[in-house]
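# Commentary on secondary and tertiary structure
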2 protein chains.
Amino acid sequence: MMDEKTYKEIQDSFTAYLTEKKLRKTEERYTILEKICSFSGHFDIVMLHQKLDETRFHVSKATLYNTLDVLVDAGLIIRHQLNSKSVQYELRNIAETHLHLICMKCGNIRELKNTSYTNFAKTLKITRFTAEFYSLYIYGICSKCKNKGSKK
Amino acid sequence: MMDEKTYKEIQDSFTAYLTEKKLRKTEERYTILEKICSFSGHFDIVMLHQKLDETRFHVSKATLYNTLDVLVDAGLIIRHQLNSKSVQYELRNIAETHLHLICMKCGNIRELKNTSYTNFAKTLKITRFTAEFYSLYIYGICSKCKNKGSKK
DNA sequence: TTTACTGCAAATATTTTGCAATATC
DNA sequence: GATATTGCAAAATATTTGCAGTAAA
């Protein structure tokens, strides 16, 4: 879990967004966000649903999909398609401080703490577009697959 | 369509891959690759299927999914999840020379010709991973949405 | 020949939608 | 109170699978 201060900032940002868009501040939305903030990496819908159920907070799939859309719109989480399986989400806050190493053989994803690419990307001159954040994916072969050869 | 020389290189690379993996060199696989090489940007399964049908080359969805998997494995195309709708594919060859600007309001995607991020990324020291290619996604607000306010 | 690949249709998985009940504003 | 949001189940989409026929090696 992130520190309390960061969590409060994210929460406040969500509240501001909901207010601005005249959307309702429901328990479901805040509880889902809270759960997401407890993850340190990627997650998908199924996993999030399970974790919520485990803490005895059941929401319908419809609500989950709806809330994730809202959170994406609010810019608090981002959507990745890192492998062929399922859509993965990640707190923008965390995604910003990592780049993603994706093994093209086994599909494994490694997060690598690195902020230099963001700094680099900020120097790019881009017209007719206001950049908010950056995601770098590096595709290649992880050391396991390199040694063992193809796993698939 | 790319120039003939590039197309031949891609085709040869596919042949080498199929040979190495002891996979068969079928007309379907080569025709699908050829069609993909005629696109200058992203495409999805539905669009590819249509375009193939238009040129009177019908393949089943099963074959299409199978072939796209093979092409991803071969490293010739990459898979993007650029918006919430559907998975999009792109020739790796083309993807490498562009970065992607994704509007968080309207979902529109703009490709921006830029290779400097690849050069930058190549300078990153990464252990236990052999990088092959790089993809930079920049999330933000496009000028249309900036002016008009939210479209959604 | 052998068996990988294809097409088709059926099975799964994923996401969206309709609608009545509920809770926010 | 008005109506956005929720839950549930059904519908719509997207993807995978089983299997018999076909074709590459």
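What counts, and where the lines are drawn
Residues numbered from 1 in each chain as written. Chains lettered and ligands numbered in written order. Predicted model: local features only at pLDDT ≥ 70, side-chain atom pairs only at ≥ 80, totals over all residues. Heavy atoms only, no water. Core = buried A, V, L, I, M, F, W, Y, C linked by side-chain atoms within 4.5 Å. Buried < 20%, exposed > 50% of the residue type's maximum accessible area, 1.4 Å probe, protein only. Helix = DSSP H or I, 4+ residues; strand = E, 2+ residues; numbered from the N terminus. Contact = heavy atoms within 4.5 Å. Near = heavy atom within 4 Å. Polar contact = N/O pair within 3.5 Å; in protein donor to acceptor, adjacent residues only side chain to side chain. Nonpolar A, V, L, I, M, F, W, Y, C, P; charged D, E, K, R; others polar. Least-squares fit on C-alpha atoms with pLDDT ≥ 70 in both. 1 Å grid on protein atoms, 1.4 Å probe; cavity = no way out; pocket = protein on both sides within 12 Å on 5 of 7 lines; lining within 4 Å. Points joined across faces, edges and corners; volume = space filled by probe spheres on them. Buried area = accessible area lost by both parts, 1.4 Å probe. Salt bridge = Lys/Arg side-chain N within 4 Å of Asp/Glu carboxyl O. Axes fitted to C-alpha atoms, helices over the stretch in contact; angles between N-to-C directions. Parallel < 35°, antiparallel > 145°, perpendicular 65-115°, else oblique.

### Describing the nonpolar core
- In terms of nonpolar packing, the biggest core is built from 46 residues, with Leu124, Leu136 and Ile138 of chain A together with Leu124, Leu136 and Ile138 of chain B touching the most fellow members.
- Secondary-structure elements contributing two or more residues to this core are strand E3 (98-103), helix H6 (116-122) and strand E5 (129-142) of chain A together with strand E3 (98-103), helix H6 (116-122) and strand E5 (129-142) of chain B.
- When residues no more than four places from it in sequence are discounted, the contact partners of Ile138 of chain B are Leu124, Ile126, Phe129, Ala131, Phe133 and Tyr134 of chain A together with Leu99, His100, Leu101 and Ile102 of chain B.

### Some details on the protein's contact with DNA strand C
- With respect to spatial proximity, 17 residues lie near DNA strand C, and among them Lys25 and Tyr65 of chain A together with Arg24, Arg29 and Thr63 of chain B are the closest.
- The sugar-phosphate portion of DNA strand C accounts for 69% of its atoms within 4 Å of the protein, the bases making up the rest.
- Within the side chain of Arg24 of chain B, a nitrogen or oxygen atom sits 2.8 Å from a base nitrogen of DNA strand C.
- The separation between a phosphate oxygen of DNA strand C and a polar main-chain atom of Ser60 of chain B is 2.9 Å.
- Secondary structure elements with two or more residues in the surface near DNA strand C: helix H4 (61-73) of chain A together with helix H2 (27-37) and helix H4 (61-73) of chain B.
- A class-by-class count of the residues in the surface near DNA strand C yields 6 nonpolar, 5 polar and 6 charged.

### A word on the protein's contact with DNA strand D
- Around DNA strand D, a shell composed of 17 residues is seen, among which Arg24, Arg29, Thr63 and Asn66 of chain A together with Tyr65 of chain B lie nearest.
- Between Arg24 of chain A and DNA strand D, the recorded distance is 2.9 Å, taken from a side-chain N or O atom to a base nitrogen.
- Between Ser60 of chain A and DNA strand D, the recorded distance is 2.9 Å, taken from a backbone N or O atom to a phosphate oxygen.

### Looking at the relation of the copies chain A and chain B
- Here chain A sits on chain B after a turn of 180 degrees about the axis and a move of 0.0 Å along it, with an RMSD of 0.1 Å. What we have between these two chains is a two-fold relation.
- A share of 100% of the interface residues of chain A reappears at the interface of chain B, consistent with the copies meeting face to face through the same patch.

### As for empty space enclosed by the protein
- All told, the structure shown has 1 cavity of 30 Å³ or more when counted by the stated rule.
- Its boundaries defined by the atoms lining it, the largest cavity holds a volume of some 30 Å³.
- Together, Tyr117, Phe120 and Leu136 of chain A together with Tyr117, Phe120, Ala121 and Leu136 of chain B line the largest cavity.
- Tallied by class, residues from the lining of the largest cavity come to 7 nonpolar, no polar and no charged.

### A few points about the interface of chain A and chain B
- In this complex, chain A contributes 43 residues to the contact, which on the side of chain B involves 43 residues.
- Counting the surface lost from both chain A and chain B, the interface buries some 3,800 Å², and carbon and sulfur atoms represent 61% of this.
- On inspection of chain A and its partner chain B, the count reaches 0 salt bridges.
- The interface formed by chain A and chain B contains 12 residue pairs in polar contact (both at pLDDT 80 or more).
- Broken down by secondary-structure element, the contributors of at least two residues to the side of chain A that touches chain B are strand E1 (77-80), E3, strand E4 (109-113), H6, E5 and helix H7 (143-148) of chain A.
- The biggest single contributor to the side of chain A that touches chain B is E5 of chain A, with 14 residues.

### Details of the packing of H2 of chain B against helix H3 (residues 45-54) of chain B
All names here are of chain B.
- It is at 11 Å that the axes of H2 and H3 come closest, and there the two elements cross at 105 degrees. Our classification of the angle between H2 and H3 gives roughly perpendicular. When H2 is examined against H3, the residues Thr31, Ile32, Lys35 and Ile36 are found in contact with a partner set consisting of Leu48, Lys51 and Leu52.
- Partitioned by chemical class, the residues of the contact of H2 with H3 number 4 nonpolar, 1 polar and 2 charged.

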